[in-house]
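What follows is each chain in one-letter form.
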Amino acid sequence: MSEPIGTSVPPRRPATPPIAVSATTTEVNKTGAWKYIRPVYHDRVAPCNQGCPAGVDVEGYMALLREGKIDEAAELLALEHPMPAVTGRVCNHPCESGCNRGHFDGAVAIHAVERMLGDRLLAAAPPAPAAPTRTERVAVVGSGPAGLACAYHLAAMGYPVDVLEREDRAGGMLRQGIPEYRLPRDVLDAQIRRIEASGVTIHTGVQVTEATLPEIRSRYSVIFFATGAYLGRLLGVEGEELPGVWQGLDFLRRVNAGLRPPLGERVAVIGGGNTAMDCARTALRLGARPIVVYRRTRDEMPAIAEEIEDAWREGVEFVFLAAPTAFRTADGLLSGVACARMKLADAGPDGRRRPVATGESLFVQADTVLLATGEDPELEPWPEEVVRGGAVAIDEWGETASPLVFAGGDVSGDERTVARALGAGKRAAIGIDRALRRRAGVATPDTSALRWGPTGAPSVARWRDADPVLRVAPLNEVVPFEDVNTAHFQLRPRNADRHAALDAAGAPFAEVNGGLGDDVALVEAGRCFNCGVCNECELCLIFCGDVAISHSHDGGRFDIDMNFCKGCGVCAAECPRGAISMTREGL
Amino acid sequence: MSQIVIKDRIPERELMTSGHLACPGCGGALAMRLVLKAMGPQTVVVLPACCWSIIAGPFPQSSLRVPLYHTAFETGAAVASGVRAALDMRGETETKVMVWAGDGGTFDIGLQALSGAAERGEDFLYFCYDNEAYMNTGVQRSSATPWGAWTTTTPVEQPQSTAKKDMLAIMAAHRIAYAATASVGYPVDLIEKVQKAMAMRGTRFIHILAPCPPGWKFADEQSIELARLAVESRVFPLVEVEDGDRWTLTPAEAATDADAALAKYIGAQGRFRHLKPEQVEQIRRNVDERWQRMEKQASLSD
Ligand SMILES: Cc1cc2nc3c(=O)[nH]c(=O)nc-3n(C[C@H](O)[C@H](O)[C@H](O)COP(=O)(O)OP(=O)(O)OC[C@H]3O[C@@H](n4cnc5c(N)ncnc54)[C@H](O)[C@@H]3O)c2cc1C
Ligand SMILES: Cc1ncc(C[n+]2csc(CCOP(=O)(O)OP(=O)(O)O)c2C)c(N)n1
Ligand code: SF4
Ligand code: SF4
Ligand code: SF4
Ligand code: SF4
Ligand SMILES: [Mg+2]
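Criteria and cut-off values
- Residues numbered from 1 in each chain as written.
- Chains lettered and ligands numbered in written order.
- Predicted model: local features only at pLDDT ≥ 70, side-chain atom pairs only at ≥ 80, totals over all residues.
- Heavy atoms only, no water.
- Near = heavy atom within 4 Å.
- Polar contact = N/O pair within 3.5 Å; in protein donor to acceptor, adjacent residues only side chain to side chain.
- Areas by Shrake-Rupley, 256 points an atom, 1.4 Å probe, with all protein chains shown as cover.
- Helix = DSSP H or I, 4+ residues; strand = E, 2+ residues; numbered from the N terminus.
- Buried < 20%, exposed > 50% of the residue type's maximum accessible area, 1.4 Å probe, protein only.
- Contact = heavy atoms within 4.5 Å.
- Donors = N, O, S within 2.8 Å, 3.2 Å for Na, K, Ca; no water.
- Pairing = 2+ DSSP bridges.
- Core = buried A, V, L, I, M, F, W, Y, C linked by side-chain atoms within 4.5 Å.

Colleague: Outline the site of ligand 2, supporting the account with residue identities and numerical values.
Modeller: All names here are of chain B. Contacts to ligand 2 come from 17 residues, most closely from Gly104, Gly105, Tyr129, Ala133 and Met135. In the model, an oxygen atom of ligand 2 is placed 2.9 Å from a nitrogen or oxygen of the Cys51 main chain. The separation between an oxygen atom of ligand 2 and a polar side-chain atom of Asn131 is 3.0 Å. Relative to its unbound accessible area of 570 Å², ligand 2 is 74% covered by the protein chains.

Set out below in structure tokens:
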């Protein structure tokens, strides 16, 4: 036989091996070319930050708390806010109204977390005072929240600041209006001491008048007026001048100064705002039976919701849809309030439903009447060009028509809350710094990027270029709830503040709201979604089916390899907090 | 903490590469990536014809950093049996063998080979990534296609008229050590199931729902959301069956409204758009019935 078939033929090299073996990875395919839209990491603004009138980085400190960095969280809060222990107790907290978690299982109790941090700051050693680096001196008239905020932020910027206060104690309405059972005086005192420690000098017993103003203007480069609103309004009805008909604010100031004016048994409180609630609850604590007379209904009451609830719980009575028409006497003593019975008509220009008379009337018996229908500012010491139409006119940064004269808080037409006053003080501090730096011929940062979101209060840390929070390609837009992926969160209902029952006999002025306590406050902070700012949860990286996302090597958090990202959008959809945006730009 | 943080529970290693040829948002691509994170580098993948034959890249490419053996449509379990035997003969007993097959290659044409292997107790993991139709060849129906769904072979005039085959029960009936369902919407659960299965011997079966944007007709970015909704709606419950009779339903992470999830699940997919309300209601009843059956099975196992 011849040789077996094949042995004489030279072995043939097959074009492909019998089993095809891969020689490369698929990374040779630049599949990123398929995309028509691409993801970008953009940190955005949480709605709570935009909602806080004092311009606090709520999301930022919640994120630090989540990592267990309590002291850093407290410092971040203190950077933007001089008195968190106060607002943690009395703020109307509009931050919470906008909280995205409200659409899930209840807004985060931001006020209670703030209170915990505020108390922690008070318990810690006072900060070292900022060394003055500026030569221009600033006078702040009024030591309420607006004045103290302005002074605090200016001191942090290196300005020597003197606060001039006519009363013998600082604090403004926090001391004179808000009662102790809502804001204990040791807390207020400690908070003011901490502000002083940061480099602010407060001179009490100094009333600024038209006569003393020129001298003050000559000694200081800038004046900030934050003199509040202390003139109680009158109703303009018969009998208003009777003994026994008092201004509610005067009553509160006396009680807050330690006096106990005799009220008789029945006290009618006229009005539906914070002053009215405080008058009623204070009267209750002095042993009287208060009844609140309000011309609209509970839903329209301007007082903070919690205060209304507390008043209700403590047993304050309410008469709604009743408008006083006359105060009456019997046997020479006040006997009560004649009222017109009202009903609600359509909404007026302010959006609230207007009360209109029904023609019926009613009578509310009272030994004392407390008027609490609003306060107006005293405009006496003011340069003429500053006052327009009964209010102080200011621009966005607190400057009046008179150069280097600034104003803010209750004295301007602002909404009457502590947080708004704090925001006004902060805006003025930025405005003053800007004006003084311009005068000195120094370039100033752009103010258009300071606000939290399009409508929020400014961040003074941003103005000072001292924001410690890493923000990647930040966009100044607010994260809507739709951009929060709730699939990655567990239901955890909001924790409620602890309330003590009124101990009328024992300690009637003891603090009612006990907050959450440290541990629960931290749990509450853990409920925060951290809207808009990446916390490196890595879900984007985990869910990318194209392995296009990796940890960053150049200072950011993550890199997306555009050679391979197909633009599916899964990362953006899965991001729990809306920190990734999809865009067609650059493609 | 209210966010469910998972990063520490997902192995970091990447055994799949970018540049693969899956569609944007493909649930099957992510499923492979996650499974390989759990399987590790000492793994041989057997791949019968399916979308993944394309995703892995044309010769001479591979999108896997482990050996990948392309094979014929119906042969996944048979080839894996052979690869296993060959490895054992070479003494490579530590190397793991896995099949990665589509629903067509599992429920339909590969069922015979799979049943035979399971009956023999062949030692490998079998993964079925289920996109509920023959996607690679252009969306033809399979026996995994759900009732009422559109495919090119079940057009809207005559949508899928049979119920999805109960593959898990079929595998449980083989009394294999481990059979489970998993989902790309729940990566930790998926990885833990793979790890649990790896610690066992014999034939192990894991059925992974893998949303397919072009085949189901939904927006690419909704892929993971749909995977989650399938579980929340109980359309695709997460279950484990050990030794053929110990059924365990994976507890839900959050209390969710199954009916609302079902409405969202169906509403998001073009393949269900033609359904009338009474047909959706029919689906709801079927889902409910099957869920109750499973609950009963699970309660018998307690
Ligand atoms: C009874 C009551 C309860 C309230 N409760 C709340 C609440 O719970 N939450 C909330 O957010 N807001 C509340 N408010 C509103 C809030 O207190 C004020 O909006 C806020 O204090 C305004 O701050 P301000 O700094 O502008 O003025 P103020 O706090 O009024 O401070 C002004 C200061 O200027 C001083 N001053 C005035 N004129 C002169 C002068 N010529 N020379 C020197 N010093 C002068 C005053 O003595 C005072 O200390 C309440 C108000 C009242 C009246
Ligand atoms: C015997 C045989 N018939 C038909 C085909 C063509 N074919 C390749 S993949 C495929 C469909 C695979 O469907 P499935 O297993 O569900 O995987 P998918 O593509 O959906 O991921 C078909 C029919 C084939 N390769 N072999
Ligand atoms: S969840 Fe957190 S970050 Fe988001 S709005 Fe509420 S408090 Fe702010
Ligand atoms: S998930 Fe991956 S592929 Fe999809 S858009 Fe994000 S980075 Fe790109
Ligand atoms: S998914 Fe997590 S890691 Fe990725 S951007 Fe969002 S927050 Fe950051
Ligand atoms: S057709 Fe579906 S399963 Fe196939 S690659 Fe595309 S998305 Fe994935
Ligand atoms: Mg398929």
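Colleague: Account for the side chain of Arg33 of chain B, with residues named and values stated.
Modeller: Position of Arg33 of chain B relative to the elements: it lies in helix H1 (residues 27-39). Since its relative accessible area comes to 1%, Arg33 of chain B is described here as buried. Excluding residues within four positions of it along the chain, Arg33 of chain B makes contact with Leu541, Ile542, Phe543, Cys544 and Val547 of chain A together with Glu14 and Met16 of chain B.

Colleague: Which residues make up the coordination of the magnesium ion (ligand 7), and what are the values?
Modeller: Residue and element names in this part refer to chain B. At this site the magnesium ion (ligand 7) is bound by Asp103 (OD), Asn131 (OD1) and Ala133 (O), with donor distances of 1.9 to 2.1 Å. Of note, the magnesium ion (ligand 7) draws all its donor residues from one chain, in the sequence arrangement D-x27-N-x1-A. Taken together, the residues Asp103 in the loop between strand S4 (96-101) and helix H4 (104-108) and Asn131 in the loop between strand S5 (124-130) and helix H6 (167-173) connect sequence positions 28 residues apart. Residue Asp103 is classed as buried on the basis of its relative accessible area of 1%.

Colleague: Hey, could you go over the pairing of strand S8 (residues 239-242) of chain B for me, with residue numbers and the actual values?
Modeller: Residues and elements named next belong to chain B. On S8, burial covers both faces: Val239 and Val241 on one face and Glu240 and Glu242 on the other are all buried. Where strand S6 (residues 178-183) lies against S8, 3 bridges are found, and the strand directions are antiparallel. Residue Ala180 lies in a different strand from S8, and its bridge partner there is Glu240. In the sheet, S8 pairs with strand S9 (residues 246-249) via 4 bridges, with the strands oriented antiparallel.

Colleague: How would you sum up the nonpolar core? Please name residues and give values.
Modeller: Nonpolar side chains tend toward joint burial in soluble globular proteins. Among the nonpolar cores identified, the biggest contains 84 residues, and Tyr61, Met62, Leu65, Leu117, Leu154, Phe224 and Ile432 of chain A are the most heavily contacted of them. With 9 residues, the single largest contributor to this core is helix H14 (residues 418-439) of chain A. Setting aside residues up to four positions removed in sequence, Met62 of chain A forms contacts with Val108, Ile110, Val113, Ala525, Cys528 and Asn530 of chain A. Core analysis: the second largest hydrophobic core is formed by 52 residues, Ile10, Leu64, Tyr129 and Val184 of chain B among them.

Colleague: Explain unusual backbone geometry residue by residue, including any values.
Modeller: Across the junction of Phe59 of chain B and Pro60 of chain B, the peptide omega takes the value 5°, indicating a cis bond. Mapped onto the elements of the fold, Pro60 of chain B is located in the loop between helix H2 (51-55) and strand S2 (61-62). You will see that Asn530 of chain A, though not glycine, has its phi angle at about 55°, which is positive. A relative accessible area of 1% means that Asn530 of chain A is categorised as buried. Notably, Glu538 of chain A is not glycine yet its phi reads approximately 70°, a positive angle. Position of Glu538 of chain A relative to the elements: it lies in the loop between helix H16 (518-526) and helix H17 (539-543). According to the relative accessible area criterion, Glu538 of chain A is buried, its value standing at 16%.

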